[in-house]
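# Chain and residue survey
Single-letter residue listing:
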Amino acid sequence: MRILLYNPDNGVTRNFMPHLWMFLLQTLTPVGHEVFLVDGNARAMTDGELVAYVKRNKIGLVGIGAMTRMIAKAYRVADAIRAAGVPVVMGGPHVTEIPDEALGRNGGPRHADAVALGEADETWPRIVNDAARGELKDIYAPLDEDGKERKPCLESYPRIPWESLDLKQFNVVPGVLRSLLSRVGPGWGTFRIIPIESGRGCPYGCEFCTVTGFFGDSVRFRTNESIVNEMLSLKARAKSEGGQISVFFVDDNFAINIKRTKSLLRDIIAAGAQVPWTAQISANLLRDEELVDLIAEAGGRIVFIGMESIDPANLADVNKNFNKPNEYAAVLKRLADRNIFAITSFIIGMDNDTVGVAKRTLDQIRSWPPGLPVFGQLTPFPATPLYERLKKDGRLTRPTHWLDFTPYQMAHTPLKMSIAEAQTELQYAWESTYSAERNAEAIRALSDKTVGWKIYHLIMRLSFRGIYFPQMGVLSWCKVLKDNRGTISLLAKETWSAIRRKKTPEMAATDFLPLSGQPKAHETDPSGSSPFTEEEAVPVVEEVLTLRAQAR
């Protein structure tokens, strides 16, 4: 049987990082079946084109995974495929929390022939075998003998053959530029971000988050050896292809167990398995100086921090009072001193927010080392404690907001602001943070950094603007570049001077902007080269919001 695993686009921006679940299920598929992968973010198709693809390749089963923000698109695609006579199984956090919606048991239309609840490591082989016999059941759940949910042990994690998988659709470098950039020098023609998980689960239980409900509050880890081997495999592939590969650790909190994380990082360093990587880590865990040193030495380049608010009352309301706003500045300086880039996330519309919250937050942000703030509205996802509380209080304005997904629109009434006021605050936060004036100010604040670092930061800022403001078209980008022409001109002059100093006929990505191991803070030479490639600027943009959207 031929199987298609499909991930819908995220509905806002293109996301160039493949989703791990597809590759994991492909690896877990019983022998004798052929698996096709299509990610709608990297390989856009209309519903009709996808149905034609299914028919052309004689697909016998389609698996669709989607987070809540993508579920409306997922249902529409599933309907089209089922209408063509091909069975569909759906899974993921949303379907797990509301299986009756996908199965049409709540009065709405049926979208799936079967649903997989929870983590599908155990149930996927059963689903495939049942589908091959034409005996799909409505619901598949990983249950033990007593009927209780069984979480998979990650110590015997399946080996994903990254070295041989077809990753063409996930090359971040635009097709029209690949040939040209390859002529510039080795390492410029391909760049891919690969998802890896080192563990699952989170004990914190933030009120707005779906992670604890889906993965549980007990954290399970893979062995260090399996993670190191996976990174070595990716590093070897990048070398053989003459391109670049970066890793995104998709754990909700990569350093949740500091002792274990330090052990993993030491093993990565000892094996020489460093590749540039990104991870999500809560601010309270980054107090540890040794941990941050090891992150830098092991290849850590970007850390995503869910700060959420600068108001302790807000953090207490959503059960995230382990965040301490008075520690934010020190944490960010600790990262900046080691050339680790910080992406910081903030939520607008929390219960203690009042008019002016955006300006108050931005005033704080401007006092910190330059980073990349992102902003979103507080969103009540189904089955979270936040959703249940707002429902009980009668504050939900769109109880099934996911069926009519609209980016950055409130689904409830804030406590101390109107919905319109909250939307205005959100707009102000994005406009002010990524204005041409603020971009120039941020670059000036990096006067002690190399030109490669400054270029990276500016490209990231221009790209992050596109998370909120539509700028996928050529004309939109031309306007953005025009608005920032002063800063671009200054960096171009600085870059030309740096290139002339090198006096080499061709420049490899790993020469001017090396990807080698990151120096520790006391070893950093401000006159040295940046640890980033320019290609890293584009893709992290979309994935950050995709990952965090499910946590909000």
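Residues numbered from 1 in each chain as written. Predicted model: local features only at pLDDT ≥ 70, side-chain atom pairs only at ≥ 80, totals over all residues. Heavy atoms only, no water.

## Notes on the nonpolar core
Among soluble globular proteins, nonpolar side chains are generally buried collectively. Under the convention used in this document: In these notes, a set of buried Ala, Val, Leu, Ile, Met, Phe, Trp, Tyr and Cys residues joined through side-chain atoms within 4.5 Å is what counts as a nonpolar core. Partly exposed residues are those whose accessible area sits between 20% and 50% of the maximum for their type, while under 20% is buried and over 50% is exposed, using a 1.4 Å probe and protein chains only. Strands here are runs of E lasting at least two residues and helices are runs of H or I lasting at least four, both read from the DSSP assignment and numbered beginning at the N terminus.
Counting 101 residues, the largest nonpolar core has W277 and W430 as the members making the most contacts within it. No other element matches helix 18 (residues 451-468), which puts ten residues into this core. Among the nonpolar cores identified, the runner-up in size contains 46 residues, and Y53, V54, A78 and C202 belong to it.

## Considering the sheet that holds strand 6 (residues 139-140)
What counts, and what does not: Here a strand pair is declared whenever DSSP counts at least two bridges between the two strands. Only heavy atoms enter the contact rule, under which two residues are in contact if any of them lie within 4.5 Å. In this analysis an axis means a line fitted to C-alpha atoms, helices contributing only their contacting stretch, and an angle means the value between N-to-C directions, from 0 to 180 degrees.
Pairing in this open sheet of six strands is parallel, and the strands run 2-1-3-4-5-6 from one edge to the other. Looking at the sheet topology across the chains shown, the edges are occupied by strand 2 (34-39) and strand 6. When strand 1 (residues 2-7) meets strand 2, the two strands line up parallel, connected through six bridges. Across the sheet, R2 pairs through a bridge with E34, a residue of strand 2. Its contacts with the sheet put helix 1 (residues 20-28) on strand 1, strand 2 and strand 3 (61-65), and the angle it makes with strand 1 is roughly 160°. Each of strand 1, strand 2 and strand 3 touches helix 2 (residues 47-56); the most contacted strand, strand 1, lies at about 160° to it.

## What to know about helix 11 (residues 289-297)
Applicable threshold: Pairs of N or O atoms within 3.5 Å make up the polar contacts considered here, provided that, within protein, one atom can donate a hydrogen while the other can accept it, and that residues adjacent in sequence are counted only when both atoms are side-chain atoms.
Looking at helix 11, one finds that the buried residues are L291, V292, L294, I295 and A296. Tucked inside the fold, the buried residues of helix 11 contact helix 10 (258-271), strand 11 (277-280), strand 12 (300-308) and helix 13 (328-337). Among the residues of helix 11, the N-terminal cap falls to D288, whose side-chain oxygen and the backbone nitrogen of E290 are separated by 3.0 Å. Backbone geometry just downstream of helix 11 places G299 in the positive-phi region, at approximately 105°.

## Examining empty space enclosed by the protein
The test is simple: A pocket here means an open set of points on a 1 Å grid, computed over the protein atoms alone, that has protein on both sides within 12 Å along at least five of seven lines. A cavity is instead a set of points where a 1.4 Å probe fits but cannot get out; residues with an atom within 4 Å of a point line either one. Grid points are joined across faces, edges and corners, and a volume is the space filled by probe spheres set on the points. We call Asp, Glu, Lys and Arg charged. Ala, Val, Leu, Ile, Met, Phe, Trp, Tyr, Cys and Pro are nonpolar, and the rest, Gly among them, are polar.
Scanning all chains against the criterion turns up seven cavities of 30 Å³ or more. Put simply, the largest cavity is a space of about 1000 Å³. Per-class residue counts for the lining of the largest cavity are 28 nonpolar, 13 polar and seven charged.

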